[in-house]
Amino acid sequence: MLGTIVGLIIIGLIAGFIARAVVPGKQHMGIGATILLGIVGSFIGGFLGYLIFGKDAGSGFVQPSSWIGSIIGAIIALIIWINVSKRSSVRR
């Protein structure tokens, strides 16, 4: 159980960092928000992978396809976050 949590944090950090490096512009996020971004991205990527390919994590979580899905999901989550935060700052 503890190994799963630590693994999820590490995958979240890496996926969030890569997503922040790929998406242009400055994101005002700390390390915790980057980890959370990667974790949310992992769930989004896993859900999209299940919808598209009809496979779940039964084969294991540490696969190249799961890493790619996590990064793509983190990019999607970051773009959504940027657009939502941009709208809320315009309303102020």
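Being a predicted model, the structure only gives us computed values, none of them experimental. (Residues numbered from 1 in each chain as written. Predicted model: local features only at pLDDT ≥ 70, side-chain atom pairs only at ≥ 80, totals over all residues. Heavy atoms only, no water.)

**Brief notes about the overall build of the protein chain**
Our working definition: Helix and strand assignments come from DSSP, with helices taken as H or I runs of at least 4 residues and strands as E runs of at least 2, each series counted from the N terminus. Residue contacts are counted whenever heavy atoms from the two residues lie within 4.5 Å of one another. In these tables, accessible area is a Shrake-Rupley quantity obtained with a 1.4 Å probe, and a residue counts as shielded only by the protein chains included in the view.
When helices and strands are counted, the protein chain shows 3 helices and 0 strands. When the helices and strands of the protein chain are read in sequence order from the N terminus, they spell out α-α-α. For the protein chain, restricting intrachain contacts to residue pairs at least 6 apart in sequence, the fraction spanning at least 24 positions comes to 68%. For the protein chain, the exposed area adds up to about 6600 Å²; of that, 73% sits on carbon and sulfur atoms.

**A few points about the environment of Phe-47**
One can find Phe-47 in helix H2 (residues 31–53). Taking C-alpha positions, Phe-47 is 9.0 Å from Gly-69, a pair spaced 22 residues apart along the chain.

**A look at a nonpolar patch on the surface**
Here is the rule we go by: Patches in this entry comprise residues that are over 30% relatively accessible and not in a salt bridge; like charges within 9 Å are linked, as are nonpolar side chains (Val, Leu, Ile, Met, Phe, Trp, Tyr) within 5 Å. Here a salt bridge means any side-chain nitrogen of Lys or Arg lying within 4 Å of a carboxyl oxygen belonging to Asp or Glu. Each residue is assigned to one of three classes by its accessible area relative to the maximum for its type, calculated with a 1.4 Å probe on protein chains only: buried under 20%, partly exposed between the two thresholds, exposed over 50%.
Residues Phe-47, Leu-48, Tyr-50, Leu-51, Ile-52, Phe-53, Ile-68, Ile-72, Ile-76, Ile-80 and Val-84 make up a contiguous nonpolar surface patch of roughly 1100 Å² in combined accessible area. Among the elements of the structure, H2 and helix H3 (64–91) are those that each provide at least two residues to the nonpolar patch. Ranked by the residues each element gives to the nonpolar patch, the list is headed by H2, at 6 residues. Within the secondary structure layout, Phe-53 lies in helix H2. Given a relative accessible area of 64%, Phe-53 falls into the exposed group.

**Observations concerning helix H1 (residues 2–22)**
Along an α-helix, a turn takes 3.6 residues, which lines up residues three or four apart on a common side. We count it as follows: Here the expected length of a helix is defined as 1.5 Å per residue gap, with one fewer gap than residues. What the arc describes is the spread of directions from the helix axis to the C-beta atoms.
Here H1 contains 21 residues, and its C-alpha end-to-end distance of 30 Å stays within 8% of the 30 Å for a straight helix at 1.5 Å per residue. Three or more residues of H1 are buried, namely Ile-11, Gly-12, Ala-15, Gly-16 and Ala-19. Down the axis of H1, the buried set is contained in an arc of 130°. They therefore lie on one face. The outward face of H1, more than 90 degrees from its buried face, is lined by the exposed residues Leu-2, Gly-3, Phe-17 and Ala-21.

**A few points about the nonpolar core**
Heads up, the condition is: To qualify as a nonpolar core, a set must consist of buried Ala, Val, Leu, Ile, Met, Phe, Trp, Tyr and Cys residues joined through side-chain atoms within 4.5 Å.
In this structure, Ala-15, Ala-19, Val-23, Met-29, Leu-37, Ile-71, Ala-74, Ile-75, Ala-77 and Leu-78 together form the largest nonpolar core, which totals 10 residues. Top element by residues in this core is H3. It accounts for 5 residues. Those residues in contact with Ala-19 that lie beyond four places of it in its chain are Leu-37, Ile-71, Ala-74, Ile-75 and Leu-78.

**Examining the confidence of the model for the protein chain**
For clarity, the threshold we go by: Confidence per residue, as judged by the predictor, is encoded in pLDDT with a range of 0 to 100.
Of the residues in the protein chain, 84% reach a pLDDT of 70 or more, and the chain-wide mean stands at 81. Per-residue pLDDT, averaged within each element of the protein chain, yields its smallest value for H3 (82) and its largest for H1 (87).

**Looking at the environment of Ile-10**
Tracing the backbone through its elements, the reader meets Ile-10 in helix H1. Residues Ile-10 and Ile-39, spaced 29 residues apart in sequence, show a C-alpha to C-alpha distance of 9.2 Å.

**Some remarks on the packing of H1 against H2**
Rules: Helix axes are fitted only over the stretch in contact, all axes being lines through C-alpha atoms; the angle between N-to-C directions runs from 0 to 180 degrees. In these notes the angle categories are as follows: under 35 degrees is roughly parallel, over 145 is roughly antiparallel, 65 to 115 is roughly perpendicular, and the rest is oblique. Residues are sorted three ways: Asp, Glu, Lys and Arg are charged, Ala, Val, Leu, Ile, Met, Phe, Trp, Tyr, Cys and Pro are nonpolar, and all the rest, Gly among them, are polar.
At a minimum axis separation of 6 Å, H1 and H2 run at an interaxial angle of 100°. In terms of orientation, H1 and H2 fall into the roughly perpendicular class. Residues Leu-8, Ile-9, Ile-11, Gly-12, Leu-13, Ala-15, Gly-16, Phe-17, Ala-19 and Arg-20 of H1 form the contact with H2, whose participating residues are Ile-31, Thr-34, Ile-35, Leu-37, Gly-38, Ile-39 and Ser-42. Taken together, the residues that form the contact of H1 with H2 break down as 11 nonpolar, 5 polar and 1 charged.

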